[in-house]
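What follows is each chain in one-letter form.
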Amino acid sequence: MSKKENLLEGQTVIFTGSREPIEALEHARSFGAQTRYLPLVETISRQSKKPDFAGYDWLIFTSRTSAEVFCQLDETVSAKIAAVGDQTAAVLQQHGHSVDFIPKVFSADHFIEEFPPVSGVAKCLFIKGQMAKNTIASMSMQVDEWVVYDTILNIENAKLVVQLKDVIILFASPSAVSAYRQAGGDWSNIRTAAIGHVTKKAILKSSGTVDYTPKKYTYIEVINEIAKGSLSK
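Since this is a predicted model, take the numbers as computed values, not measurements.

Asks: I'm lost on the sheet that holds strand β2 (residues 34-37) in this one. Help?
Replies: Strand pairing in a sheet relies on backbone hydrogen bonds, with the paired strands running either antiparallel or parallel. Pairing is parallel in the open sheet, where four strands are placed in the order β2-β1-β8-β9. A strand with exactly one partner marks an edge of an open sheet, and here the two such strands are β2 and β9 (190-194). Strand-to-strand twist across the sheet, computed as the mean angle between neighbouring axes with direction ignored, equals 25°. Bridging between strand β8 (residues 167-171) and β9 involves five bridges; their strand directions are parallel. Within β9, the position partnered with Val-167 by the bridge is Ile-190.

This is how it looks when you write it as structure tokens:
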């Protein structure tokens, strides 16, 4: 599939994640799409007491934001590091941390299947946002949790998104779906793309339909899926 083909000419893709995905925006435009960035969630770092990192065998990160907050501490740690997703791992690596484990599928429920055989009996610290589910903590090993950021729904932006028609709305988290629904959004006259099966489930639970879901849970891959879908029509 050539990026030079205008497969998405006449299409508008709305990005709604907590950070502006510059590379993915440019990728969508390379297919001829119009793009808008209207974040439906925002993250705010917490000022909380640091745990004793030396007391843990593994540090676990499931989001780029949690990795960024941790890296701002400029800590040197002896614990091994597990990261869900290439982007989360990249943040840690850019700050000099080695990443010892990344699951094949970038989601927490796949992580808890793949991680225990690698870690064995270990004491882990899950560094997370306040809206993270208890999936990681459900593992049989000891998993302590440290909340380092809060997620806030941006209802004002959600109201703007709700007014849009004949667009493709890209949801990257269940929180973004919640903001859209709380603002009165329905699923008529739009198409939806979901990054991750958890986000997909949130849309389906809200009586929506999901038109595009990439096998690899990244922004670039979801744009590729949208382009492939357009090519097949």
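Asks: Any chance you could explain helix α4 (residues 108-119) here in plain terms?
Replies: Residues that lie three or four places apart on an α-helix share one face, since the helix turns once every 3.6 residues. Here α4 is 12 residues long and its end C-alpha atoms lie 15 Å apart, about the 16 Å a rise of 1.5 Å per residue gives. At its buried positions, α4 is contacted by β4 (58-61), β5 (80-83) and β6 (123-129). Once α4 finishes, Gly-120 follows within two positions and takes phi at roughly 65°, a positive value.

Calculation rules
Residues numbered from 1 in each chain as written. Predicted model: local features only at pLDDT ≥ 70, side-chain atom pairs only at ≥ 80, totals over all residues. Heavy atoms only, no water. Pairing = 2+ DSSP bridges. Helix = DSSP H or I, 4+ residues; strand = E, 2+ residues; numbered from the N terminus. Axes fitted to C-alpha atoms, helices over the stretch in contact; angles between N-to-C directions. Expected span 1.5 Å × (residues − 1). Contact = heavy atoms within 4.5 Å.

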